[in-house]
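Below, each chain spelled out in residue letters.
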Amino acid sequence: MSEKLSFVSPTANSPWGTYLSQVDRVVPYLGPLARWVETLKRPKRALIVDVPIEMDDGTIAHFEGYRVQHNMSRGPGKGGVRFHPDVTLEEVMALSAWMTIKTAAVNLPYGGAKGGIRVDPKKLSLQELEKITRRYTSEIGIIIGPHTDIPAPDVNTNGQIMAWMMDTYSMNVGGTATGVVTGKPLHLGGSLGRVKATGRGVFVTGREAARRLGMDLRGARIAVQGFGNVGSVAAELFAEAGAKIVAVQDHTGTIVNTNGLDLAKLIPVANKEGVVAFKSGGDIVPNEDFWNVACDILIPAALEGQITAERAQKTTAKLVLEGANGPTVPQADDILAERGVLVVPDVICNAGGVTVSYFEWVQDFSSFFWDEDEINVRLDRIMMNALNQIWDTADKHKITLRTATYAVACERILMARQERGLYP
Ligand code: GLU
């Protein structure tokens, strides 16, 4: 008998509601460990902080920040920090829970955590961005640390922000704590291969899924939503393998070219001004039309809740690769399964980022750095082993890859919970 959480009111398609229904679906496959499942339905710890800064014009502005540690049964908390105007506690809770499942799915010795600030960073000057990052880090400094909880980049955060976070934490503890965050610049204890790791993982898992489906990547048509560090890197790798990127959507709009977009030209324009500025390379269409574009592979690599029931009905894709966290609502998941569309779920598909974050953390502790080939070989091996195990589990129980990933991950998490026991 457990009390309901009072501080969130999830709905069926909200991030936390989506996560809860994903957990409910795995319960029948947990055997006696199901006794512990309630532990996954609530965060271990959630911190809300006030982040006041002096703006360039002399005014004082306050922002709301969060750090949620969902589960630490298998190791320290791990997960990114997101700067976005729509960030909420409920969203960060769901994102932290997906990190718990993700780190367990690829068997990294971590739990799950996530952080965020409710702010539009595009409206801040560089100086304001630095101030907000440092004050936020100082506020959450009471619960993060190299052995307790290790932040990393996520939506709208990058290596520079990680450098400020590392510096702020280090100044507060009186040392240089490189292991407190990952995704740092290379000369500050960062790792080769980290920037491209998430996109690379999407490609590696997607290539294997396509192979198993008998889909030839040469000539395969791909639609990508979100063209940041995940979507653009995955798109490049698929294009190198012979696929055509027929549609890309970002915060500025949607561009379509059925002959395939020229990525060498699109990427520099998109990085500076967004995809819509590349008018000469394709047709600009209304955002909702993105979901109608004829394609074989769909890569949602932006935010949560993008694949709704209606869009799941519309898509012509045979394979969905979830580069984003939580892009598919539960009802859409069912529709895709009924329609025979294979979904490689976020908690395995985009795990490449946190996997190389783990390599970075290990390298920081040993102060011995690996070359990029070694990183990529190890990354590919971890992703392939995890995917193969998940695929076998899905085949055995005749369940979706998502529920199979939860089955593999939740068994690891709840076994650790059971073996550790409750304290006191
Ligand atoms: N933000 C990334 C994710 O959602 C990476 C987290 C990390 O490297 O800790 O998986």
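Look above for the structure.
The residue count restarts for each chain, going from 1 along the sequence in the order it is written. With the structure being a predicted model, the display of local features is reserved for residues of pLDDT at least 70 and the display and counting of side-chain atom pairs for 80 or more, all residues being used for whole-chain, interface and lining totals. To get the side-chain values, take all heavy atoms of the structure and skip hydrogens and water.

Segments assigned H or I by DSSP are reported as helices when at least four residues long, segments assigned E as strands when at least two residues long, and all are numbered from the N terminus. Of regular secondary structure, the protein chain possesses 13 helices and twelve strands. Radius of gyration means the value over C-alpha atoms here, while the globule rule gives 2.2 Å times the residue count to the 0.38 power. A globule of 424 residues ought to have a C-alpha radius of gyration of about 22 Å, and the protein chain, at 21 Å, matches this closely. With respect to the three principal axes, the spread of C-alpha positions in the protein chain is 55 × 55 × 45 Å. Think of it in three bands: residues with accessible area under 20% of the maximum for their type are buried, residues over 50% are exposed, and the middle band is partly exposed, with areas taken using a 1.4 Å probe on protein chains only. When the 424 residues of the protein chain are sorted by exposure, 59% land in the buried category.

Moving on: the packing of aromatic side chains. Ring pairs shown here join Phe, Tyr and Trp side chains whose ring centres sit within 6.5 Å, with only the six-membered ring taken for Trp; geometry is labelled stacked below 30 degrees between planes, edge-to-face above 60, and tilted in between. Following the criterion strictly, the structure yields nine aromatic pairs and no others. Ring centres of Phe-290 and Trp-291 lie 5.0 Å apart, and the angle between their planes is 90°; this geometry places the pair in the edge-to-face category. The class of Trp-291 is buried, set by a relative accessible area of 3%. Through successive ring pairs, a cluster of aromatic residues spans Tyr-110, Tyr-358, Phe-359, Trp-361, Phe-365 and Trp-370. Above the face of the Trp-391 ring, Arg-212 is positioned so that its terminal group lies 4.4 Å from the ring centre. Between the NZ or CZ atom of Arg-378 and the centre of the ring of Trp-370, over which it lies, the distance is 4.6 Å. Placement of a positive charge over a ring is assigned whenever Lys NZ or Arg CZ falls within 6 Å of the ring centre and within 35 degrees of the normal to the ring plane.

Turning our eyes to something else, we now look at the pattern of salt bridges. Take a side-chain nitrogen of Lys or Arg and a carboxyl oxygen of Asp or Glu: if they are within 4 Å of each other, that pair is a salt bridge. The full count for this structure, using the stated rule, is 26 salt bridges. Residue Arg-402 pairs with Glu-322 through a salt bridge whose shortest N-O separation is 2.9 Å. Of this pair, Arg-402 sits in helix H13 (residues 401-420) while Glu-322 sits in the loop between strand E11 (319-321) and helix H9 (330-338), placing them 80 residues apart in sequence. Among the charged side chains, a salt-bridge network with shared partners connects Arg-82, Glu-91, Lys-114, Asp-154 and Glu-304.

The next thing to look at is the site of the ligand. Any residue with a heavy atom positioned within 4 Å of a molecule or strand is treated as near that molecule or strand. If you check the shell around the ligand, you find 14 residues, and the closest are Lys-78, Lys-102, Pro-153, Asp-154 and Ser-357. Any pair of nitrogen or oxygen atoms within 3.5 Å is treated as a polar contact; in protein, a donor-acceptor pairing is required on top of that, and neighbouring residues in sequence qualify only through side-chain atoms on both sides. Between Ser-357 and the ligand, the recorded distance is 2.6 Å, taken from a side-chain N or O atom to an oxygen atom. Protein contact buries 95% of the 290 Å² of open area that the ligand shows by itself. Taken together, the elements giving at least two residues each to the shell around the ligand come down to strand E3 (77-84), helix H2 (89-105), strand E5 (149-153) and helix H11 (352-366). Tallied by class, residues from the shell around the ligand come to four nonpolar, five polar and five charged. Only the protein chains shown count as cover for residues, and all accessible areas are computed by the Shrake-Rupley method using a 1.4 Å probe. Each residue gets one label: Ala, Val, Leu, Ile, Met, Phe, Trp, Tyr, Cys and Pro are nonpolar, Asp, Glu, Lys and Arg are charged, and the others, such as Gly, are polar.

To continue, consider the sheet that holds strand E1 (residues 45-54). A pair of strands is treated as paired once DSSP finds two or more bridges between them. Spatially, five strands are ordered E1-E2-E4-E3-E5 in an open sheet, and the strand pairing comes out mixed. Bordering the open sheet on either side are E1 and E5, each of which pairs with just one other strand. Looking at each pair of strands side by side, their axes are set apart by 25° on average, direction ignored. Pairing of E3 with strand E4 (residues 112-118) involves four bridges; the strand directions are parallel. By the bridge assignment, Phe-83 is partnered in E4 with Ile-117. Axes here refer to lines fitted to C-alpha atoms; in helices the fit is confined to the stretch in contact. Angles between the N-to-C directions go from 0 to 180 degrees.

In this section: helix H1 (residues 15-26). Under the convention used throughout, the expected extent of a helix is 1.5 Å for every residue step, that is, one less than its residue count. The end-to-end C-alpha distance of H1 is 17 Å, a good match for the 16 Å that twelve residues give at a rise of 1.5 Å each. Of all twelve residues in H1, ten are buried, a share of seventy percent or more. Along H1, the residues that are buried comprise Pro-15, Trp-16, Gly-17, Thr-18, Tyr-19, Leu-20, Ser-21, Gln-22, Val-23 and Val-26. The contact criterion used throughout is that any non-hydrogen atoms of two residues lie within 4.5 Å. Where H1 is buried, its residues touch strand E2 (60-71), H2, H9 and H13.

Counting buried positions over the five residues of E5 gives four, a clear majority of the element. Taken together, the five bridges between E3 and E5 define a ladder with parallel strand orientation. Directly across from Lys-78, in E5, lies its bridge partner Ile-150.

Moving on: the sheet that holds strand E7 (residues 244-250). Here seven strands make up an open sheet; going across it, the order is E9-E8-E7-E6-E10-E11-E12 and the pairing mixed. The open sheet has two edge strands, strand E9 (283-285) and strand E12 (342-344), and neither has a second partner. On average, each strand axis in the sheet is inclined to that of its neighbour by 20°, with strand direction left out of account. Inspection of the sheet shows strand E8 (residues 253-256) paired to E9 by three bridges, in the antiparallel sense. Residue Thr-254 lies in a different strand from E9, and its bridge partner there is Val-285.

As a further point, take the layout of surface pockets. Whether a set of points on the 1 Å grid over the protein atoms alone is a cavity depends on a 1.4 Å probe fitting there but being unable to get out, while an open set qualifies as a pocket with protein on both sides within 12 Å along at least five of seven lines; lining residues are those with an atom within 4 Å of a point. Grid points are joined across faces, edges and corners, and a volume is the space filled by probe spheres set on the points. Empty space within the second largest pocket amounts to approximately 350 Å³. Considering the residues around the second largest pocket, the lining is formed by 13 residues, among which Lys-44, Met-72, Ser-73, Arg-417 and Arg-420 are closest to the centre. Mapped by element, the contributors of at least two residues to the lining of the second largest pocket are E2 and H13. Its residues placed into classes, the lining of the second largest pocket shows four nonpolar, five polar and four charged.

Tracing the chain through its elements places Asp-333 in helix H9. Not counting the four nearest positions on each side in its chain, Asp-333 is found in contact with Arg-25, Thr-328, Val-343 and Arg-402.

Glancing now at unusual backbone geometry. Residue Tyr-423 is joined to Pro-424 through a cis peptide bond whose omega torsion reads 5°. Even without being glycine, Asn-156 reaches a positive phi, approximately 65°. With respect to the helices and strands, Asn-156 occurs in the loop between E5 and helix H4 (159-173). What makes Asn-156 partly exposed here is its relative accessible area of 31%. Look at Ser-367: it is not a glycine, yet its phi comes out positive at around 50°. Here Ser-367 shows up in the loop between H11 and helix H12 (372-397). With relative accessibility at 57%, the residue Ser-367 sits in the exposed group.

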